[in-house]
Amino acid sequence: MSSSSESGENECMCWAARDPSGLLSPHTITRRSVTNDDVSLKITHCGVCYADVIWTKNQHGDSKYPLVPGHEIAGIVTKVGSNVHRFKVGDHVGVGTYVNSCRECEYCNEGQEVNCAKGQVFTFNGIDHDGSVTKGGYSSHIVVHERYCYNIPVDYPLESAAPLLCAGITVYAPMMRHHMNQPGKSLGVIGLGGLGHMAVKFGKAFGLSVTVFSTSISKKEEALSLLGANNFVISSDHDQMKALEKSLDFIIDTASGDHAFDPYMSLLKIAGTYVLVGFPREIKISPANLNLGMFFFPKKKKSHFCYTLL
């Protein structure tokens, strides 16, 4: 292949933020050439995650511009390296929140690359091992080591698969880890954004009785009619909250805004489980609420780091 044709093949059209305004505009980047272990896929769909907003607007102070967001990527394989045997051209593939890791630590060896001891490389705004800044899925194609690609069944819509690669796995993984899939049990979901939607859907699929907590009455119809939640509660309504004391087996907290935790802790049954998957600035909990209630309070791994306080 000539250098000119290779250059054209590696050229990638994308949408990038140039500054903390977060405004996206057309941009062109160059993806790396496919190496022996790589998969190149044409991106057909990319979910919109709140993380895209955070980093395009430099809310954590570490954004590297021009920044191409997107880490809920679904697409079709167009080329594979000579060592790739899990995928072939035409396969439907997903790429999630990370695209590299050390591949040798205990976590990588256990298939938990997202918790890599030496640090995972995020799909966008990360520093890859070659020193380059990763560019995400708001683009025409991406090249990724096969280890960080996931098969999508050919009969499953790519537009439905994309959100599962961040929002979906972020709630599904802790639900499975903490046995929140027992039919007949009760689940509280705090917040009804992208994560909250997924938590309600999984809860209903697992046969749980699902109660949605929100500060906005405008979410009620969506929660009950569209998503099929069993109950909807305005979290600022003391009487509604009081009526649910010690009634829930599990709570998934998807809210990223700062909020009180103790009012929700009182809703858990003894030895209940409270999972936090949102990103509030701080967590304040009365130790008595944990100790006296025998509660298990895991915070997610990204997807999934976990802290336990008993």
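This is a predicted model, so every value here is computed, not measured.

### Some remarks on the overall build of the protein
Counting its regular elements, the protein contains ten helices and 14 strands. Relative to the 2.2 N^0.38 estimate, which gives 19 Å for 310 residues, the radius of gyration of the protein is 21 Å and therefore close to what a compact globule would have. With the principal axes as the frame, the protein shows a C-alpha extent of 70 × 40 × 35 Å. By the burial criterion, 48% of the 310 residues in the protein qualify as buried. If you take every contact in the protein between residues at least 6 apart in sequence, the share linking residues at least 24 apart comes to 58%. Working note: accessible area of the protein is about 14,700 Å², and carbon and sulfur atoms make up 55% of it. Here the protein holds 28 positive side-chain charges and 29 negative ones, and the gap between their average locations is 3 Å.

### Observations concerning the nonpolar core
Across soluble globular proteins, you tend to see nonpolar side chains buried next to one another. Core analysis: the biggest nonpolar cluster contains 25 residues, and Val 171, Met 175, Leu 187, Val 200, Val 210, Val 212 and Ile 252 have the highest contact counts within it. Going through the elements one at a time, α5 (167–177), β10 (186–190), α6 (194–205), β11 (209–214), β12 (231–234) and β13 (248–253) are the ones with two or more residues in this core. Here the element with the most residues in this core is α6; it accounts for five residues. If sequence neighbours within four positions are ignored, Ile 252 has contacts with Val 171, Met 175, Met 180, Leu 187, Gly 188, Val 189, Ile 190, Ala 199, Val 275 and Val 277. Within the second largest apolar cluster, 17 residues are counted, among which are Val 39, Val 99, Ile 142 and Tyr 148.

### A short note on the pairing of strand β5 (residues 92–95)
Every regular strand shows the same layout, with side chains that alternate between the two sheet faces. A two-sided burial pattern is seen for β5, the buried positions comprising His 92 and Gly 94 on one face and Val 93 and Val 95 on the other. In the sheet, strand β4 (residues 73–80) pairs with β5 via four bridges, with the strands oriented antiparallel. The residue bridging Ala 74 from the neighbouring strand is Gly 94, located in β5. Two strands pair when backbone bridges link them, and β5 and strand β9 (residues 150–151) are joined in this way by two bridges, in the antiparallel orientation. In the sheet register, Val 93 faces β9, and the bridge partner there is Asn 151.

### Description of the UniProt feature "domain: Enoyl reductase (ER)" (unreviewed entry) in the protein
Here the UniProt-annotated "domain: Enoyl reductase (ER)" (unreviewed entry) positions come out as residues 22–285. With 20% helix and 27% strand, residues 22–285 has end C-alpha atoms that lie 34 Å from one another.

### Thoughts on the sheet that holds β10
Taken together, the five strands give an open sheet; going across it, the order is β12-β11-β10-β13-β14, and neighbouring strands pair in parallel fashion. Each edge of the open sheet is held by one strand with a lone partner, namely β12 and β14 (268–276). Here the average twist between neighbouring strands, direction ignored, is 20 degrees. In this structure, β10 lies alongside β13, joined through four bridges in parallel fashion. Its bridge partner lying in β13, Ile 190 is registered against Asp 253. Sheet contacts for α6: β10, β11 and β13; angle to β10, the most-contacted strand, approximately 170 degrees.

### Focus: the domain arrangement of the protein
When cut into domains, the protein gives domain 1 (11–165) and domain 2 (169–292). Taking the mean C-alpha position of each, domain 1 and domain 2 sit 30 Å from one another.

### Topic: unusual backbone geometry
The peptide bond linking Tyr 65 to Pro 66 adopts the cis configuration, its omega dihedral lying at -5 degrees. Position of Pro 66 relative to the elements: it lies in the loop between α2 (50–56) and β4. Unusually for a residue other than glycine, Arg 103 sits at a positive phi of about 70 degrees. Locating Arg 103 in the fold gives a position in the loop between β6 (98–100) and α3 (106–109).

### Some details on the pairing of β10
Burial of β10 is extensive: five of the five residues sit out of reach of the surface. Taking every second residue as pointing to the same face, both faces of β10 are buried, with Ser 186, Gly 188 and Ile 190 on one and Leu 187 and Val 189 on the other. Between β10 and its parallel partner β11, the chain crosses via α6, and the hand of that crossover is right-handed.

### Some thoughts on the sheet that holds strand β3 (residues 38–46)
A sheet is described by the order of its strands in space; here five strands give the open sequence β8-β3-β4-β5-β9, paired in antiparallel fashion. What marks the edges here is a single partner per strand, and that holds for β8 (141–145) and β9. In terms of strand pairing, β3 meets β4 through seven bridges, oriented antiparallel. Each bridged residue has a counterpart across the sheet, and for Lys 42 the counterpart in β4 is Ile 76.

### As for the packing of aromatic side chains
Evaluated as defined, the whole model comprises seven aromatic pairs. Through a chain of ring-to-ring contacts, three or more aromatic side chains come together here, namely Tyr 172, Phe 202 and Phe 206.

### Considering the pattern of salt bridges
Per the counting criterion, the structure on display carries eight salt bridges. In this structure, Lys 118 and Glu 104 form a salt bridge, with 2.6 Å as the shortest nitrogen-oxygen distance. Of this pair, Lys 118 sits in the loop between α3 and β7 (121–122) while Glu 104 is found in the loop between β6 and α3, placing the two residues 14 residues apart along the sequence. Residue classification places Glu 104 among the exposed residues on the basis of a relative accessible area of 52%. For Asp 258, the salt bridge identified is with Arg 281, shortest N-O distance 2.5 Å. Taken together, the positions of Asp 258 in the loop between β13 and α9 (262–265) and Arg 281 in the loop between β14 and α10 (287–291) put the pair 23 residues apart, joining distant regions of the chain.

The rules we used
- Residues numbered from 1 in each chain as written.
- Predicted model: local features only at pLDDT ≥ 70, side-chain atom pairs only at ≥ 80, totals over all residues.
- Heavy atoms only, no water.
- Helix = DSSP H or I, 4+ residues; strand = E, 2+ residues; numbered from the N terminus.
- Rg over C-alpha atoms; globule rule 2.2 N^0.38 Å.
- Buried < 20%, exposed > 50% of the residue type's maximum accessible area, 1.4 Å probe, protein only.
- Contact = heavy atoms within 4.5 Å.
- Areas by Shrake-Rupley, 256 points an atom, 1.4 Å probe, with all protein chains shown as cover.
- Lys, Arg positive; Asp, Glu negative; His and termini not counted.
- Charge placed at Lys NZ, Arg CZ, Asp CG, Glu CD.
- Core = buried A, V, L, I, M, F, W, Y, C linked by side-chain atoms within 4.5 Å.
- Pairing = 2+ DSSP bridges.
- UniProt positions renumbered as here; feature names shortened; annotations may be inferred.
- Axes fitted to C-alpha atoms, helices over the stretch in contact; angles between N-to-C directions.
- Domains from an automatic or database assignment.
- Right-handed = clockwise from strand over helix to strand, strands pointing away.
- Phe/Tyr/Trp six-rings, centres within 6.5 Å; stacked < 30°, edge-to-face > 60°.
- Salt bridge = Lys/Arg side-chain N within 4 Å of Asp/Glu carboxyl O.

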